[in-house]
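Report on the structure
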Amino acid sequence: MSEPLDFYFEFYSPYGYMASLRIDEIAERHGRQVNWKPFMLGATFKITGHKSLIDTPMMAEYTKNDLQRCARLQGVAFHFPDEFPKASLNCARAYYALVDDQPDQARALAKANYHAIFGLGQDGTKIELIAALAEDLGIDGQFIKDAVQTLEIKARLKQETQAAIDRGVFGAPFIFVDDQPFWGNDRLDQVNHWLETGGW
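Residues numbered from 1 in each chain as written. Predicted model: local features only at pLDDT ≥ 70, side-chain atom pairs only at ≥ 80, totals over all residues. Heavy atoms only, no water.

Side note on the pattern of salt bridges
One side chain can pair with another of opposite charge once the charged atoms of both are near each other. Let me state the cut-off plainly: A pair is scored as a salt bridge if a Lys or Arg side-chain nitrogen falls within 4 Å of a carboxyl oxygen belonging to Asp or Glu. Secondary structure elements follow DSSP: runs of H or I of four or more residues count as helices, runs of E of two or more count as strands, with numbering from the N terminus. Working definition: with a 1.4 Å probe on protein chains only, accessible area under 20% of the residue-type maximum means buried, over 50% means exposed, and in between means partly exposed.
Scanning the entire structure with this criterion turns up 12 salt bridges. Arg 69 is the salt-bridge partner of Asp 66, the closest N and O atoms lying 2.7 Å from each other. Taken together, the residues Asp 66 and Arg 69, both in helix 4 (residues 60-74) and 3 residues apart, mark about one turn of the helix. Between Arg 187 and Asp 186 there is a salt bridge, and its shortest N-O distance comes to 3.6 Å. For Arg 187, a relative accessible area of 33% corresponds to the partly exposed category. Each of the salt bridges in this network shares a partner with another, and the network as a whole consists of Asp 24, Arg 107 and Lys 111.

Here it is as structure tokens:
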């Protein structure tokens, strides 16, 4: 079987949210699976000097309009959170608390958390909300609350973020098809075409 795609994302990336709704289907179409890899985008900004598009002069209004336009084109619910950006530590830590032993549940929780943030406009960083989403999926919410506070899980997220940086990931979403990098939700059609053709 071909190698999985690696999908690097940040929970407070709206373009990452939109990519998350398509990436699995695109991969499955070509007999691939997807490794979901949340990381902390802010750590890359310290290296690149970038900042959120919403906080960038001249780009903010364009970006807000573009996100609504992309959502309409994709046919998905989109509500921009009142507080943005926010540190998504709890979201990513909750994912890594599950992924080794319960990968399907980890992905399901990530999707639910993403939907809460950008589908519903909720504060997805609150551990109470994440735990409630977990409970809805049959995951022990108290386990999630406890796990995100452990040194082990905190270290895991730091390691995963550094691994992403070491691989050259500087934005979200960021997808690797084998060793070929694609940055941005607007590159998913290229990802699909690359998988169809074997590259160009």
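Considerations on unusual backbone geometry
Between Phe 84 and the following residue, Pro 85, the backbone shows a cis peptide bond with an omega angle of -5°. Within the secondary structure layout, Pro 85 lies in the loop between helix 4 and helix 5 (89-98). In this structure, the amide linkage connecting Ala 172 to the following residue, Pro 173, adopts the cis form with an omega of 0°. With respect to the secondary-structure elements, Pro 173 resides in the loop between helix 9 (151-166) and strand 3 (174-177). In this structure, Asp 178 is a non-glycine residue whose phi angle is positive, near 55°. Mapped onto the elements of the fold, Asp 178 is located in the loop between strand 3 and strand 4 (180-183). For Asp 178, a relative accessible area of 37% gives the class partly exposed.

Some details on the environment of Phe 80
Test applied: Note on contacts: a residue pair qualifies if any of its non-hydrogen atoms lie within 4.5 Å across the two residues.
Secondary-structure assignment places Phe 80 in the loop between helix 4 and helix 5. Note: C-alpha distance between Phe 80 and Thr 56 (24 residues apart in sequence) is 17 Å. When neighbours within four sequence positions are excluded, Phe 80 is seen to be in contact with Pro 14, Ile 54 and Leu 67.

With respect to the pairing of strand 3
We count it as follows: For two strands to count as paired, DSSP must find a minimum of two bridges between them.
Of the two faces of strand 3, the one holding Phe 174 and Phe 176 and the one holding Ile 175 and Val 177 are both buried throughout. Pairing between strand 1 (residues 5-9) and strand 3: 3 bridges, direction antiparallel. Paired with Phe 7 across the strands is Ile 175, a residue of strand 3. Note that strand 3 and strand 4 share 4 bridges and pair antiparallel. In the strand pairing of strand 4, Val 177 is matched with Gln 180. Remark: 2 residues form the turn of the hairpin made by strand 3 and strand 4, two consecutive strands paired antiparallel; Asp 178 in that turn has positive phi of roughly 55°.

Some remarks on helix 5
Across the 10 residues that make up helix 5, a large majority, 9, are buried. Buried within helix 5 we find Asn 90, Cys 91, Ala 92, Arg 93, Ala 94, Tyr 95, Tyr 96, Ala 97 and Leu 98. Elements that come into contact with the buried residues of helix 5 comprise strand 2 (34-38), helix 6 (103-119), helix 7 (127-136), helix 8 (141-147) and helix 9.

Some details on the packing of aromatic side chains
The criterion, for reference: Any two of the Phe, Tyr and Trp rings considered here, Trp counted by its six-membered ring, make a pair once their centres fall within 6.5 Å; the pair's planes then place it as stacked at under 30 degrees, edge-to-face at over 60, or tilted in between.
According to the stated counting rule, one finds 24 aromatic pairs in the structure shown. With a centroid separation of 6.0 Å and an interplanar angle of 75°, the aromatic rings of Tyr 8 and Phe 176 are classed as edge-to-face. Taken together, the positions of Tyr 8 in strand 1 and Phe 176 in strand 3 put the pair 168 residues apart, joining distant regions of the chain. With a relative accessible area of 6%, Tyr 8 lands in the buried category. We classify Phe 176 as buried; its relative accessible area is 5%.

Scope: geometric values only; no functional claims are made or implied.
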